[in-house]
Amino acid sequence: MSKAVVNAPAEKKKSMFSKSGNQKLIVLLVVIFLFIFFSIFSENFRRYTTVLSIMDYSYYIALMAIGVTFPLITGGVDLSIGTGLICYSLAGGYLVVHCGWPTWAGMLVSVLFGVLIGLLNGALVSIMSLPPFLATLCTCMITRGLGSICAKSFGISWPTTGSEGSWFRDIFKITIGDTKYPLGLLWVLLLVMFMAFVLNHTKIGRYTIAIGSNKEATILSGINVKFYHIMAYVISGFFAGLASIAYSAVFSTVQPGTGAGFELEAIGGAIIGGVSASGGAGSVGGSLLGVFVICLLKTGLPYIGLQANWQQIITGMVLIGAVMVDILKKKRAAAV
Amino acid sequence: MGDVILTMKDIDKSFPGVHALDHVNFEVKRGEVHALMGENGAGKSTLMKVLTGIYTKDSGSITFEGKEVEFHNTREAQDAGIVIVHQELNMLGHLTVAQNIFIGREFKKGIRIDDKKMNEEAAKLFEKLHIDIDPAETMSNLTVGKQQMCEIAKAISHEAKVIIFDEPSAALTEAEIEELFKIIRDLRQQQLGIVYISHRMDEIKVITDRVTVMRDGGYVGTLITDECTKDDIINMMVGRVIYEDPKTESAVPKDAPVVLKVEHLNAGKMVQDVSFELRKGEILGFSGLMGAGRTETARAIFGADPKTSGDIYIDGKKVEINNPQDAVKCGIGYLSEDRKRFGIVVQKSVAENSTMASMENFVKGLFINKSKENKVAQEYVDSLATKTPGVDQLVVNLSGGNQQKVVIAKWLIRNCDILIFDEPTRGIDVGAKNEIYKLMNRLAEEGKSIIMISSEMTEILRMSDRIIVMCEGRKTGEIDISEASQEIIMNMATREI
Ligand SMILES: Nc1ncnc2c1ncn2[C@@H]1O[C@H](COP(=O)(O)OP(=O)(O)OP(=O)(O)O)[C@@H](O)[C@H]1O
Ligand SMILES: [Mg+2]
């Protein structure tokens, strides 16, 4: 029996690897495969500038995906992050561009706005017991409208490179000498590591998984489920706020009324990365890899002559594949 | 037995339409195992949920260790030293065993949860309890019995003063029950107060010191276990003595037509080369230990799991059954052992559940004939004595045993000729059990054929005309009731091949 004590941690690693680890590995291989595939078939794709632009496109989706992983694991969803992102960016940008606020204050407003909407989502789901799909669909519409109001229906351009207060663009793409470096990747990776820690090794993460596994049982374990349920949506909102900064920094102009559909790319990425569509299982690192799959398809397919429509069809099919894997896994687990 | 540690006095509780507890009294002493018995829906679980703060009582008082207490949630009850192992499993499938055991009171290093320490502590706990489970295993990978043992270990790890076991044995194997009893005796030694809820009369006699009986939400009385007989207890539970002889001879004529013939059925590891025949009007018992492959066989026949090979004949004609729809068309009905997952839709009403498998009889054009649905459902509520305030009650609000009756009604309304009952009386009290037995006999007399899977030997011997025994996915024996005995069946069930 004392042997069992010694063995336990080692066995755990093994089982972790064979479950969530396995899918992550597969998705990583898919990412590498797609990259090589597009590189072989398109000369233009092989360029460094293409890599840079893939990165640019991936930051905001990746950040949303990190955040939305939490509500997804509780068995819910957050549809408000896409239009929310635009709304937060417009609100912060308006203050910077038209009210003379310093850039950092605008960024802070973006993030806080996201947290606020997250709080609202959490309250609707956890306290008012609205189905997450409905609650966040409502806030999705609300943020869309709010965004337009904030910007008085005009597009907003955060300070452009070279002008005063444009330092924040360097956070994501820094120019040293003549070369540009995708610095944002570093921040995304650091955040992924941090949130993976939160998910796997802190109470917030543990109870997020517990709620997704069996909410009733979690309540009976004496856990303040309402609080932790709200927290999942706050995390999602917070990361939507961060994503809005990435968006402001990467694109020159932010248009009100856009953003619908971004959330699907983030949620799709998370699901490709192994988040169970019915809650309970998932990993932050997997979500990031899933986003890369989506971004590679999005940027890569036009290079081999397939337009946007095809890219959506193919992305949809990849998603079906990912959900099928999830269902098969569950079937196999039930058969044991 | 020591002094009284817990007293519940005049507890009253109503749900909409149900007076679940009617001035109930209950007490537990230190160092005693106190059985709480009563028919399905008598209010046992509700009483314990009131005690542990899951439900709030309407009136009455609870005194714990000399002080009047009122808990508002399980946490408060836990902190005071009262823990409960629920009737329904409350596991978190995606977390590990250790993470489940220490949920809500994780060991921490700073803000980091110390999983290593939790694994070690869980391993120590299991060692103390002689349970062989790896703390790092994911919960959903364990068998139902093992999961239940984890729940029990979790309860014990709270250093409680009172532990409530709400039908802990329903999902356990004989060996696991033995282990559980050892644990309970140990806890009694340590002067804990233990509440033990079970429908199994034999267990009550073996493990408990006193018995409190409830009936229809009311308190009937408390007996000292050693000084009363089974019949005394049953009498108090239902107000009359039930007695039914086990079958000694098959009621089926030798030349009765074969309605179902299964040949060389294979489905995965758990069903290997199973062949048998079922005759008209027969009750065919399937016996064996847990995990013998009986449920898997039934599911494969019913088309719920894919078959690898094998033929099925109904009334002599070969049929293709690839999914449950095919099976239902062939007149087969299946009552799952896991009714929560496969048997009922808990958020629907009794009437809707009852008619679910035979919808087409209740539609007029595009619309569901509600009044017919309600009428038929009510008929079956009456004939099965299902305890529910009405057919529009949501099934989730019924007690465990009454939910089972709704599932039975569902297949009876469907008018299936071949019925597979998988553990039909699990978690059902003696009174209801007897009704279900009578019902099965009546159905067989009317010419229906029944396959009854059961882990309870007495049930197999009492009900079957013929018995098939399985072990590790194979059929290891077939025996007529006139020749069957407990020893012979046990021998077959553990036979090596
Ligand atoms: N949440 C609820 N809402 C409405 N009615 C309920 C609720 N919980 C229990 N009841 C009703 O209260 C009565 C007592 O149920 P309880 O679960 O306590 O029975 P039990 O004695 O534990 O039965 P079993 O042996 O079948 O588990 C039943 O009639 C049941 O339908
Ligand atoms: Mg009960």
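Thresholds applied
Residues numbered from 1 in each chain as written. Chains lettered and ligands numbered in written order. Predicted model: local features only at pLDDT ≥ 70, side-chain atom pairs only at ≥ 80, totals over all residues. Heavy atoms only, no water. Helix = DSSP H or I, 4+ residues; strand = E, 2+ residues; numbered from the N terminus. Buried < 20%, exposed > 50% of the residue type's maximum accessible area, 1.4 Å probe, protein only. Contact = heavy atoms within 4.5 Å. Areas by Shrake-Rupley, 256 points an atom, 1.4 Å probe, with all protein chains shown as cover. Lys, Arg positive; Asp, Glu negative; His and termini not counted. Charge placed at Lys NZ, Arg CZ, Asp CG, Glu CD. Near = heavy atom within 4 Å. Polar contact = N/O pair within 3.5 Å; in protein donor to acceptor, adjacent residues only side chain to side chain. Nonpolar A, V, L, I, M, F, W, Y, C, P; charged D, E, K, R; others polar. Domains from an automatic or database assignment. Axes fitted to C-alpha atoms, helices over the stretch in contact; angles between N-to-C directions. Parallel < 35°, antiparallel > 145°, perpendicular 65-115°, else oblique. Left-handed = near helix turned anticlockwise from the far one by under 90°. pLDDT = per-residue confidence, 0-100. Core = buried A, V, L, I, M, F, W, Y, C linked by side-chain atoms within 4.5 Å. Pairing = 2+ DSSP bridges. Buried area = accessible area lost by both parts, 1.4 Å probe. Salt bridge = Lys/Arg side-chain N within 4 Å of Asp/Glu carboxyl O.

**Student:** Mind showing me how you'd approach the overall build of chain A here?
**Tutor:** Across its full length, chain A holds 13 helices and 2 strands. Projected onto its principal axes, the C-alpha positions of chain A cover 70 × 50 × 40 Å. Burial analysis of chain A (336 residues in total) assigns 50% to the buried set. A sequence separation of at least 24 residues applies to 77% of the contacts in chain A between residues at least 6 apart. Entry remark: accessible area of chain A is about 15100 Å², with carbon and sulfur atoms responsible for 70%. Separation of charge centres in chain A, based on 22 positive and 11 negative side chains, amounts to 11 Å.

**Student:** I keep staring at the site of ligand 1 and nothing clicks. Help me out?
**Tutor:** All names here are of chain B. Taken together, 20 residues lie near ligand 1, and Lys44, Ser45, Thr46, Gln87 and Asn397 sit nearest. Between an oxygen atom of ligand 1 and a main-chain N or O atom of alanine 42, the distance comes to 3.3 Å. One of the side-chain nitrogen or oxygen atoms of threonine 46 is found 2.5 Å away from an oxygen atom of ligand 1. Coverage of ligand 1 by the protein amounts to 90% of the 630 Å² it exposes when considered alone. Elements represented by at least two residues in the shell around ligand 1 include exactly β2 (18-29), α1 (44-51) and α14 (400-414). Take the shell around ligand 1: its biggest share by element is 3 residues, from α1. Per-class residue counts for the shell around ligand 1 are 6 nonpolar, 11 polar and 3 charged. Of the residues that make up the shell around ligand 1, three or more belong to each of domain 1 (4-238) and domain 2 (258-493).

**Student:** What is the right way to read the side chain of B:Lys448 from this model?
**Tutor:** Residue placement: B:Lys448 occurs in the loop between α15 (430-445) and β22 (449-453). With near-sequence residues (within four places) excluded, B:Lys448 lies in contact with B:Gly281, B:Glu282, B:Asn415, B:Cys416, B:Asp417, B:Leu419 and B:Leu443.

**Student:** Before we go on, may I ask you to explain the packing of helix α4 (residues 103-127) of chain A against helix α10 (residues 225-250) of chain A in this structure?
**Tutor:** Pairs of packed helices are described in terms of their axes, by the angle between the two and the distance that separates them. All names here are of chain A. Their axes nearest at 7 Å, the elements α4 and α10 cross at an angle of 150°. Taken together, the axes of α4 and α10 lie roughly antiparallel to each other. In the packing of α4 onto α10, the handedness of the crossing is right-handed. Broken down by class, the residue content of the contact of α4 with α10 amounts to 13 nonpolar, 10 polar and 1 charged.

**Student:** Hey, could you run me through the confidence of the model for chain B in this one?
**Tutor:** Caution is warranted with low-pLDDT regions, since their predicted coordinates should not be read in detail. Residues and elements named next belong to chain B. Taken as a whole, chain B shows an average pLDDT of 87; of its residues, 97% reach a score of 70 or greater. Summarising per-element confidence for chain B, the mean pLDDT is lowest in helix α11 (residues 339-343) (63) and highest in strand β10 (residues 193-197) (95). Of the two predicted TM-score estimates for the complex, the pTM is 0.76 and the ipTM is 0.80.

**Student:** Which parts of the structure should I look at to understand helix α8 (residues 203-213) of chain A?
**Tutor:** Within an α-helix, residues lying three or four positions from one another point in the same direction, as the helix has 3.6 residues per turn. In terms of burial, α8(A) is largely enclosed, as 8 of its 11 residues are buried. Within the span of α8(A), buried status applies to A:Gly205, A:Arg206, A:Tyr207, A:Thr208, A:Ile209, A:Ala210, A:Ile211 and A:Gly212.

**Student:** Before we go on, may I ask you to explain the nonpolar core in this structure?
**Tutor:** If you look at soluble globular proteins, the nonpolar side chains tend to sit buried side by side. The biggest cluster of nonpolar side chains holds 89 residues, and the ones touching the most others in it are A:Tyr60, A:Leu63, A:Met64, A:Phe70, A:Leu85, A:Met195 and A:Tyr247. Looking at which element gives the most residues to this core, the answer is helix α2 (residues 48-73) of chain A, with 14 residues.

**Student:** What exactly am I supposed to notice about the pairing of strand β15 (residues 283-287) of chain B here?
**Tutor:** Remember that side chains alternate between the two faces of the sheet whenever the strand is regular. Residues and elements named next belong to chain B. Extensive coverage of β15 is indicated by the burial of 5 of its 5 residues. Burial of the side chains of β15 extends over both faces: Ile283, Gly285 and Ser287 are buried on one face and Leu284 and Phe286 on the other. Pairing between β15 and β22: 4 bridges, direction parallel. The residue of β22 that forms the bridge with leucine 284 is isoleucine 451. Bridge analysis of β15 against strand β23 (residues 466-471) gives 4 bridges, and the strand direction is parallel. Along β23, the bridge assignment pairs leucine 284 with arginine 466.

**Student:** I keep staring at the interface of chain B and chain A and nothing clicks. Help me out?
**Tutor:** Interface extent is often summarised as the accessible area lost during association of the parts. Taken together, the contact between chain B and chain A spans 37 residues of the former and 32 residues of the latter. Carbon and sulfur atoms supply 58% of the area that chain B and chain A bury against each other, a total of about 2800 Å² over both sides. A per-residue breakdown of the area chain B buries against chain A is headed by B:Leu92, B:His94 and B:Ile113, which together make up 18% of the total. Between A:Arg206 and B:Asp115 there is a salt bridge whose closest N-O contact spans 3.0 Å. Viewed at the interface, chain A and chain B are joined by 9 residue pairs in polar contact (both at pLDDT 80 or more).

**Student:** Sorry if this is basic, but what is going on with the sheet that holds strand β14 (residues 271-279) of chain B here?
**Tutor:** Each strand in a sheet pairs with its neighbour through backbone hydrogen bonds, running either in the same direction (parallel) or in the opposite one (antiparallel). All names here are of chain B. Reading across the sheet, the 4 strands line up as β14-β13-β16-β17 and stay open at both edges, with antiparallel pairing between neighbours. Only two strands of the sheet have a single partner each, and these edge strands are β14 and β17 (317-319). Put simply, the sheet's adjacent strands are angled 20° from each other on average, direction ignored. One ladder, built from 5 bridges, connects strand β13 (residues 258-267) with strand β16 (residues 309-314); its direction is antiparallel. The residue bridging lysine 261 from the neighbouring strand is tyrosine 313, located in β16.

**Student:** For this particular structure, what's the right way to read the domain arrangement of chain B?
**Tutor:** All names here are of chain B. Segmenting chain B into domains produces domain 1 (4-238) and domain 2 (258-493). Taken together, the contacts link 20 residues of domain 1 with 16 residues of domain 2. The shortest N-O distance in the salt bridge between aspartate 216 and lysine 387 comes to 2.5 Å. If you look at where domain 1 meets domain 2, you find 1 residue pair in polar contact (both at pLDDT 80 or more). Here the side of domain 1 that touches domain 2 gets 3 residues from one element, more than from any other, and that element is helix α8 (residues 230-238). Taken together, the residues of the side of domain 1 that touches domain 2 sort by class into 9 nonpolar, 6 polar and 5 charged.

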